[in-house]
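Here are the chains, one letter per residue:
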Amino acid sequence: MVDLDGRVAIVTGAGRGLGRAHALLLAERGARVIVNDIGVRNDGTGGDPAPANDVVAEIVEAGGTAIANGEDVGSWEGAHSLVSAAVDAFGDLDIVVNNAGILRDSMLVNMSEDDFDDVVRVHLKGHVGVTRWVAAYWRERSKAGVDRRRNLVHTSSTSGLYANPGQANYGAAKSGVVTLSQIAAKELAKYGVVSNCVVPGARTRLTMASPGLPEIMEAPAEGFDVWDPANVSPLVAYLSDGACPFTGETFYVQGGTVRRLEPWTLVGESIEHSGRWPLDELATAMKTFRH
Ligand SMILES: NC(=O)c1ccc[n+]([C@@H]2O[C@H](COP(=O)([O-])OP(=O)(O)OC[C@H]3O[C@@H](n4cnc5c(N)ncnc54)[C@H](O)[C@@H]3O)[C@@H](O)[C@H]2O)c1
């Protein structure tokens, strides 16, 4: 039984889509949840406290405990304040689900500096900032003798892992998120922290804005809705559990499917030279690689 009773969780970008579904399930399993969301449009512009407040109201209505938080995760100080707000409200912090995100799709030849900076800021810096501040807090607690399992869950994308054209900014950030998760797993193990990554597929505002996806992801009139964002949340809740045995792992999750991904792996092919490769010999030897 996954029991999150008494645990405190931050879910970033929890006002809509996947984050909302994660927050609802964590709260249903007993976690006290900080529903973080600045309520921006898909492209990161605007701002509205209503989505976060609405999710808090939903959780409270169902008998759970939650507070809203409007910090921008892409800001270093905003990330710090978010972590502090959780500890101030509930006395501790056990779980961080990094999930907030925006999109500014563009081919490389057209990409503006802002489109790159803003997407990397929300996704990569947004993941790193919250992780950095919660890591410092968990180290302090561990050194003070508090021995508790702590859980980080990060959100990557197939766009980052399989390189989706038109998303160089987003894909580069999402690829970085997986490495961040693995480094956090190694660095923070001594403080009782496990860090894992999910690669979701679901019908949300973000995917509904992508050409071709609304038709594929349409909800069926009856039967299992494989693109419901709530299908992703059981894995997130499992990875948030104090008994979670995994760390440094990445799982694809969509509908009823969970698949484990391997990290970057050296394949069997290799060429060797006793010293530095002479350029022309290297050019010949490179032909032995499959291409
Ligand atoms: N939906 C999918 O199929 C899919 C696939 C791969 C990855 N993802 C990732 O899942 C995460 C959730 O996306 P979603 O599909 O639920 O989209 P969504 O647009 O429904 O939700 C994202 C939420 O993040 C919030 N947000 C954006 N910038 C923020 C900031 N700086 N600080 C705090 N909150 C902020 C938005 O206001 C929004 O409510 C994203 O990281 C996304 O890249 C989604």
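The model shown is predicted, which means the values in this text are computed figures rather than measured ones.

Q: Before we move on, could you go through the overall build of the protein and cite the residues and values that matter?
A: On a plain count of helices and strands, the protein comes out with ten helices and eight strands. Against the compact-globule benchmark of 19 Å for 291 residues, the protein has a radius of gyration of 20 Å, which places it among compact chains. Its C-alpha atoms give the protein principal-axis dimensions of about 70 × 50 × 40 Å. Of all 291 residues assigned to the protein, the portion counted as buried reaches 42%. A separation of at least 24 residues holds for 69% of the contacts in the protein among residues at least 6 apart in sequence.

Q: Account for the site of the ligand, with residues named and values stated.
A: In the neighbourhood of the ligand, 33 residues make up the surrounding shell, with Gly13, Gly17, Ala100, Gly101 and Thr204 lying closest. The residue makeup of the shell around the ligand, split by class, is eleven nonpolar, 18 polar and four charged.

Q: If you had to explain unusual backbone geometry to someone new, which residues and values would you point to?
A: Positioned with a positive phi, Ala163 is a non-glycine residue whose angle comes to about 65 degrees. Counting through the fold element by element, Ala163 comes out in the loop between α5 (158-162) and α6 (168-188).

Q: Which residues make up the packing of helix α3 (residues 76-90) against helix α4 (residues 113-143), and what values go with them?
A: Axis separation between α3 and α4 bottoms out at 8 Å; the angle between their running directions is 45 degrees. When the interaxial angle is binned, α3 and α4 end up oblique. For the crossing formed where α3 meets α4, the hand is right-handed. Along its contact with α3, which presents Trp76, Ala79, His80, Leu82, Val83 and Val87, the element α4 presents Gly129, Val130, Trp133, Val134 and Tyr137. Of the residues in the contact of α3 with α4, the class split is nine nonpolar, two polar and no charged.

Q: Which residues make up the environment of Val56, and what values do they have?
A: Here Val56 shows up in helix α2 (residues 50-61). Using a count of 24 C-beta atoms within 10 Å as the deciding quantity, one classes Val56 as buried. Expressed as a C-alpha distance, the spacing of Val56 and Thr284, which sit 228 residues apart in the sequence, is 63 Å. Apart from the residues lying within four places of it in its own chain, the contact partners of Val56 are Val35, Ala66, Ile67 and Ala68.

Conventions we followed
Residues numbered from 1 in each chain as written. Predicted model: local features only at pLDDT ≥ 70, side-chain atom pairs only at ≥ 80, totals over all residues. Helix = DSSP H or I, 4+ residues; strand = E, 2+ residues; numbered from the N terminus. Rg over C-alpha atoms; globule rule 2.2 N^0.38 Å. Buried ≥ 20, exposed ≤ 12 C-beta atoms within 10 Å, placed from the backbone. Contact = placed C-beta atoms within 7 Å. Near = placed C-beta within 6 Å. Nonpolar A, V, L, I, M, F, W, Y, C, P; charged D, E, K, R; others polar. Axes fitted to C-alpha atoms, helices over the stretch in contact; angles between N-to-C directions. Parallel < 35°, antiparallel > 145°, perpendicular 65-115°, else oblique. Left-handed = near helix turned anticlockwise from the far one by under 90°.

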